[in-house]
Amino acid sequence: MRKMNDQSGCYRPVNIQGNKVSYRGACRESPGKEVKRLQKRFLHKDGSCNVYFKHIFGEWESYVVDIFTTLVDIKWRHMFVIFSLSYVLSWLLFGLVFWLIAVQHGDLFGDEEVTPCVANVHSFTGAFLFSLETQTTIGYGYRCVTEECSLAILTVILQSVLSCVIDTFIIGAALAKMATARKRAQTIRFSYHAVVGLRDDKFCLMWRIGDFRPNHMVEGSVRAQLLRYREDKEGRMTMEYRDLKLLNDQIILVTPVTVVHEIDGDSPLYGLDRKALAKDNFEILVTFVYTGDSTGTSHQSRSSYVPREILWGHRFNDVLHVKKKHYKVDCLQFEETTEVYAPHCSAMQLDRKEQEWNRAEKAREKQEEKSALEMKPNQKSFSAVALVTSCEDPEEPVTASSQPPEEVSYRKAAVTLSRLSIESQI
């Protein structure tokens, strides 16, 4: 028995017998090496959740207890089947009850001396027709309940009450289902790609939301969460949710809007550069909750973005154009992007470089201020020397006959220089 390593870093126990090599068991990963697995989407692009529940405790009981919500949530074809069966089964049930009452009372034997409980009911078909006429209040007048049997009268009362309950649930659920207008969410469209680019010299994550119906919603709120998959040493999968702070989370979606998330120190994308973002394993869940203008009900649209759907160094094209009398929205440019310059480094590295540049700029400014301060004392000392030179002995009378002309001109020039220096400092 030996352990053989393959190129993928796995080892498998093998048996070597002559020239034959037999493997036992599946390939196991080496303990010291992590293997990245491609995760499934948690939320599809159309907003449906990729989650399947299995072995739910009390599944049917929960559906039956909240029967109204169950009827509203099911599909229309299932709703139509339940709508039809609720009436047909109730007709059959009460038809069977009337038939048993007729059998017990002896109405089916054709004895004319016996007053029947239900007149003109001679078979199960007649009992079923009487049940249908009673519940739907048709009233043909051929079959009717007599005063002979109080049990038959009580059954008619129960069927009338039950028919009102069935009408209330079925018709109410159908109206509530139509009022939800879940198809409204299909006209709210998210851009297929999200982009990362510079906006006001800051890295930002951006995506687009548009409403392509003439009647727009009243108000809307956008929310984004980053879902990251974590796997511990034992192979258990956990999910970590982190909210993304948006610059424009409250929007009125008359025209397509670009939602912006600034990648700052609080963002979970702060330390990811272009390569790290492409290799990372996360999913950005975006939701848009809004109130419809036509119905006044609240709706929610959802979508998600994985790393392969995020374009680095792109921006969305303009869709809104100003005309003379109106604004024009070019829907063909809703998904289109343009590649622009963006550093391949992360937002954290970009901030560090900016801080280093700011520190270097401040140091340079301080050095210039220091050099300027060093030059001012030299000007003052020169002025003082010039002043002293011009009047070393102010009390001594100066006569033109005792001093030569060259010395007098020198003293005048020095005095003039000192005055100019003092005035410039003042």
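Criteria and thresholds
- Within every chain, residues take consecutive numbers counted from 1 along the sequence as written.
- This being a predicted model, a pLDDT of at least 70 is required before a residue's local features are given, and a value of 80 or more before pairs of side-chain atoms are given or counted; all residues contribute to the totals for chains, interfaces and linings.
- Water and hydrogen atoms play no part in the side-chain values, which are based on all heavy atoms of the structure.
- Put simply, a patch holds well-exposed residues, over 30% relative accessible area, that have no salt bridge, with like charges counted together within 9 Å and Val, Leu, Ile, Met, Phe, Trp or Tyr side chains within 5 Å.
- Residue burial considers only the protein chains on display, and all accessible areas are found by Shrake-Rupley using a 1.4 Å probe.
- Here, a salt bridge means any Lys or Arg side-chain nitrogen found within 4 Å of an Asp or Glu carboxyl oxygen.
- Think of it this way: any DSSP run of H or I at least four residues long counts as a helix, any run of E at least two long counts as a strand, and we number them from the N terminus.
- Think of it in three bands: residues with accessible area under 20% of the maximum for their type are buried, residues over 50% are exposed, and the middle band is partly exposed, with areas taken using a 1.4 Å probe on protein chains only.
- Any N or O atom pair separated by 3.5 Å or less is treated as a polar contact, with the protein-specific requirement of one donor-capable and one acceptor-capable atom, and with residues adjacent in sequence counted only for side-chain atom pairs.
- Only the contacting stretch of a helix is used when fitting its axis, a line to C-alpha atoms as for every element, and angles between N-to-C directions run 0 to 180 degrees.
- For classification purposes, angles smaller than 35 degrees are called roughly parallel, those larger than 145 roughly antiparallel, those between 65 and 115 roughly perpendicular, and all remaining angles oblique.
- Each crossing gets its handedness from the near helix: less than a right angle anticlockwise from the far helix is left-handed, clockwise is right-handed.
- Contacts: residue pairs with any heavy atoms within 4.5 Å of one another.
- For this scheme, ten residues count as nonpolar: Ala, Val, Leu, Ile, Met, Phe, Trp, Tyr, Cys and Pro. Four count as charged, namely Asp, Glu, Lys and Arg, and the remainder, Gly too, count as polar.
- Whether two strands pair comes down to DSSP finding at least two bridges between them.
- Here a pair means two rings of Phe, Tyr or Trp (six-membered ring of Trp) with centres within 6.5 Å. Their orientation is stacked below 30 degrees between planes, edge-to-face above 60, and tilted elsewhere.

Draft legend 1. Spatial organisation of a nonpolar patch on the surface. Taken together, the side chains of I67, F68, L151, I153, L154, I157, L158, V161, L162, V165 and F169 define a hydrophobic patch exposed on the protein surface, amounting to about 910 Å² of accessible area. For the nonpolar patch, the secondary structure elements donating two or more residues are α2 (67-73) and α5 (150-180).

Draft legend 2. Just the side chain of S301, in detail. Relative to the assigned elements, S301 resides in strand β15 (residues 298-305). Assessed through its relative accessible area of 5%, S301 is described here as buried. At 3.3 Å, the side chain of S301 forms a polar contact with the side chain of Y290.

Draft legend 3. Spatial organisation of the packing of helix α3 (residues 76-105) against helix α4 (residues 124-135). Close contact between α3 and α4 brings their axes to 8 Å; oriented N to C, the two are set at 125 degrees. Judged on the interaxial angle alone, α4 and α3 are oblique. Viewed along their axes, α3 and α4 form a crossing whose handedness is right-handed. In this structure, α3 contributes Y87, S90, W91, L92, F94, G95, L96, F98 and W99 to the contact, and α4 contributes F124, A127, F128, F130, S131, L132 and Q135. A per-class count over the contact of α3 with α4 returns 12 nonpolar, 4 polar and no charged.

Draft legend 4. Spatial organisation of the pattern of salt bridges. Counted according to the given criterion, the structure contains 9 salt bridges. Two residues, E309 and K45, come together in a salt bridge whose shortest N-O distance is 3.3 Å. Taken as a pair, E309 in the loop between β15 and β16 (310-312) and K45 in the loop between β4 (28-29) and α1 (59-65) lie far apart in primary sequence, 264 residues in all. For E309, a relative accessible area of 3% puts it in the buried group. Close ionic contact of E234 with R236 constitutes a salt bridge, the shortest N to O distance being 3.3 Å.

Draft legend 5. Region of the structure containing the pairing of strand β9 (residues 202-211). With 9 of 10 residues buried, β9 lies mostly within the body of the structure. The pairing of strand β7 (residues 188-190) with β9 spans 3 bridges and is classified as antiparallel. Bridge pairing links F190 to I209 in β9. Linking strand β8 (residues 194-199) back to β9 in an antiparallel pair, the connection comprises 2 residues, with D200 at a positive phi of about 60 degrees. Where β9 lies against strand β13 (residues 257-262), 6 bridges are found, and the strand directions are antiparallel. Following the sheet pairing, R208 is matched in β13 by T258.

Draft legend 6. Main features of the pairing of strand β10 (residues 220-231). Bridge count for β10 against strand β12 (residues 250-251) is 2 bridges, and the pairing is antiparallel. Following the sheet pairing, G220 is matched in β12 by I251. Summarising the sheet, β10 and strand β14 (residues 282-291) pair through 9 bridges and their orientation is antiparallel. Bridging across to β14, V222 finds its partner in F288. What sits between the antiparallel neighbours β10 and strand β11 (residues 237-243) is a turn of 5 residues, in which G235 has the positive phi angle 85 degrees.

Draft legend 7. Region of the structure containing the packing of aromatic side chains. Considering all chains together, one arrives at 8 aromatic pairs under this definition. Ring centres of F98 and F130 lie 4.8 Å apart, and the angle between their planes is 80 degrees; this geometry places the pair in the edge-to-face category. With F98 in helix α3 and F130 in helix α4, the pair connects residues that are 32 residues apart, well separated along the chain. Pair check on accessibility: F98 and F130 agree, each one buried. Consider the rings of F203 and W312, whose centres lie 5.3 Å apart with planes at 50 degrees: the pair is tilted.

Just distances and angles here, no functional claims.
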